[in-house]
Amino acid sequence: MDYVARDARCHGLDLPFTFTPHPLVGNDQSTLETYLRGNDPATGVPILEEIIQALTKSFPKSRQPVETAKQRLPRLLSSDNEANLQRLFVENGWTDGLPIILPTEERVAEMLSGTSHDRDEVVGRMTITTNQEKLEYTVEKVAVNAVMAGARPEHLPVILAIASIAEGSMPSSTTSFARMVMVNGPIRNEIGMNSGIGALSPFNLANSVIGRAWTLMTINLGDARLGETFMGSQGNTTNYNNMCCAENEERSVWEPFHVEKGFKQEESVVSLFLGWSVVNSMGAPNRRAAHEETAIILPAFPAHTSSATLIMDPLVARGLKERHGFESKRHLARWLSENVKIPAKQYWSADLVYAFVLPLAEQGVEPFASWHKLPPNELIAHYNKPENINVIVVGGETNPLWQTTDFRYTRSASIDAWRPKNPIPAGLRMPRAPVDLTCRGGACELPPASGRIRPDGPESGNGNSGAG
Amino acid sequence: MATIERLRDKALVRVLHPRGQPTAKAETLSLAPRLDSLEGKTVYLIDVGFGGGYEFLAAMKSWLSTTFPTVKPVLKRKAGNMLLDNPELWAEIKAQGHAVIFGVGG
């Protein structure tokens, strides 16, 4: 019922809605007919009776007036002790389920030292739904959520850049999207982001809090409410920090991702990706080359937008270039586009293809119209747009592995546009990860990691030799 | 330690509201006039493209035909995916239809 009120507020029209049991997809015809002859689960009224009433004059004329605007939210919440405020945030659904740093005025003011933009400047409007009410947010609102995530002022320009793109990390979709945040440029090292060993694992402060801030912004500034606006049936664990990491530009043999997108190498840029699936290479390209292995993995995805993103250890990139002649990321993308093929029957049987591509084929849009006429066993090179196949170099060169995803690139934004005029002194920045993995050439200006305290005395190894 | 925890819990704190400001400001519109009855009318059933929607509307079309023999139900799937506009179809419905039921499956 909240959905109906929200829809009316957005469109100024109190449309009559009838709800069926959910989901409809995947049910046989007899179940759908049972649903049709049953009751609206929201009102208890028979569905058919409700629909006929909505179309005819028996529909009540005097319904609730459409509420076309909401009151302004207060800037401050009522005073309370810390325990009660933590409870308030959890019970209102304003967190990701983890404890937060309470956004006091002092902490938010400190956070705002991370940008020169006015705290009242509107950064954007966002909703995780489609065509529904958007929430507007200012620099201060972004800073509030950054504090909650545990971020520091030096992280704020990256978080503001993400906010400026105005995409939620958790779209409303029942399909439970995964998302990825990728940072390029000098700021990676200035704030100690990890692009090396374990870059996608939870060790690094900047990677963790920047990715987490995106999801807290999605909840509070994109109106993600479980079971109301967010309907992901299973949810997605990537959304805890959205695979936030940096590209290992220093160890990559190829052009950085942001340069491919038209930015200068010295610019700091954040890029966002959207998809569902991440498949590890499950072994090194030892007996089969990485591009050939990827061509085996990619057909599992329907690729309805021809999109894929490979997250590749620098060793894999180097091998592809030096042993197999892939001089650039584009070269590899073209090879995959030409060589990944699946039978027409497999392609057209995918639910995503039914929903998004079949309508285009029926409209005569090529190449889909031609593909739709092919015999079932005819092969289709369904990654037909190589420009939608992305390659990002991430990892610490402990093993030549890579991850194949169905992620599509959505947008990039300048981080530099949100930096403070006076850089935050290095001494005031937070420590980096426990091991100095990312500070190269003194870019982070911080002293080497030191003073690590071990409960069992001097460094003696971690007892986990691993399998190499 | 326990004393510090108790003191901390008693100290009052003020924090900022984390939520964004709702913005919807739509001009209030009226619904189209309702029909006296469905007898003799053309009723469009439009599937927007989510899975299961078309099949559900097909069942509804069958029921309409049986229950209201004079009703002309027209079942269509909108062009493009569920996120795209389809002005040609809206124009067709305005010109030829008396009522429309949109089905959103999934």
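As the structure is a computational prediction, the values presented were derived from the model and not from experiment.

Quick notes on the rules
Residues numbered from 1 in each chain as written. Chains lettered and ligands numbered in written order. Predicted model: local features only at pLDDT ≥ 70, side-chain atom pairs only at ≥ 80, totals over all residues. Heavy atoms only, no water. Helix = DSSP H or I, 4+ residues; strand = E, 2+ residues; numbered from the N terminus. Buried < 20%, exposed > 50% of the residue type's maximum accessible area, 1.4 Å probe, protein only. Contact = heavy atoms within 4.5 Å. Domains from an automatic or database assignment. Buried area = accessible area lost by both parts, 1.4 Å probe. Salt bridge = Lys/Arg side-chain N within 4 Å of Asp/Glu carboxyl O. Polar contact = N/O pair within 3.5 Å; in protein donor to acceptor, adjacent residues only side chain to side chain. Nonpolar A, V, L, I, M, F, W, Y, C, P; charged D, E, K, R; others polar. pLDDT = per-residue confidence, 0-100.

## A closer look at the overall build of chain B
And step 1. Per the secondary structure count, chain B includes 3 helices and 5 strands.
And step 2. Counting helices and strands in the order they occur from the N terminus, chain B gives α-β-β-β-α-β-α-β.
And step 3. When the 106 residues of chain B are sorted by exposure, 47% land in the buried category.
And step 4. Counting contacts in chain B only where the partners sit at least 6 residues apart, residues at least 24 apart contribute 71% of the total.

## Quick word on the domain arrangement of chain A
The accessible area lost on association of the parts is a frequent measure of interface size.
All names here are of chain A.
And step 1. Its domain assignment divides chain A into domain 1 (2-55) and domain 2 (82-276 + 413-440).
And step 2. Listed by partner, the interface residues are 8 residues for domain 1 and 9 residues for domain 2.
And step 3. Between domain 1 and domain 2 lies a buried interface of about 640 Å² when both sides are counted; carbon and sulfur atoms form 37% of it.
And step 4. The interface formed by domain 1 and domain 2 includes 0 salt bridges.
And step 5. Our count for the contact surface shared by domain 1 and domain 2 stands at 0 residue pairs in polar contact (both at pLDDT 80 or more).
And step 6. Residues of the side of domain 1 that touches domain 2, tallied by class, amount to 2 nonpolar, 2 polar and 4 charged.

## Things to note about the confidence of the model for chain A
And step 1. Here chain A averages 89 in pLDDT, while 88% of its residues score no lower than 70.
And step 2. Every residue in residues 457-468 of chain A scores below 50 in pLDDT, and together they form 4 contacts with partners more than four places removed in sequence or on other chains.

## What about the pattern of salt bridges?
And step 1. Scanning the model with the defined rule gives 22 salt bridges over all chains in all.
And step 2. We note a salt bridge from Arg251 of chain A to Glu397 of chain A, for which the minimum N-O separation is 2.6 Å. Highlighted residues: Arg251 of chain A in the loop between β5 (245-246) and α10 (257-260) and Glu397 of chain A in the loop between β11 (389-393) and β12 (402-405), separated in sequence by 146 residues.
And step 3. Across the pair Lys76 of chain B and Glu92 of chain B runs a salt bridge, and its minimum N-O distance is 2.8 Å. Of the two residues, Lys76 of chain B sits in strand β4 (residues 72-77) while Glu92 of chain B sits in helix α3 (residues 87-96), which places them 16 residues apart along the sequence.

## Remarks on the interface of chain B and chain A
And step 1. In this complex, chain B contributes 53 residues to the contact, which on the side of chain A involves 74 residues.
And step 2. Buried surface at the junction of chain B and chain A, summed over both partners, amounts to about 5700 Å²; 65% is from carbon and sulfur atoms.
And step 3. In this assembly, chain B and chain A are joined by 1 salt bridge.
And step 4. Applying the counting rule to chain B against chain A returns 21 residue pairs in polar contact (both at pLDDT 80 or more).
And step 5. Of all the elements in the fold, those that place two or more residues in the side of chain B that touches chain A are α1 (2-10), β1 (12-13), β2 (21-22), α2 (53-67) and β5 (99-103) of chain B.

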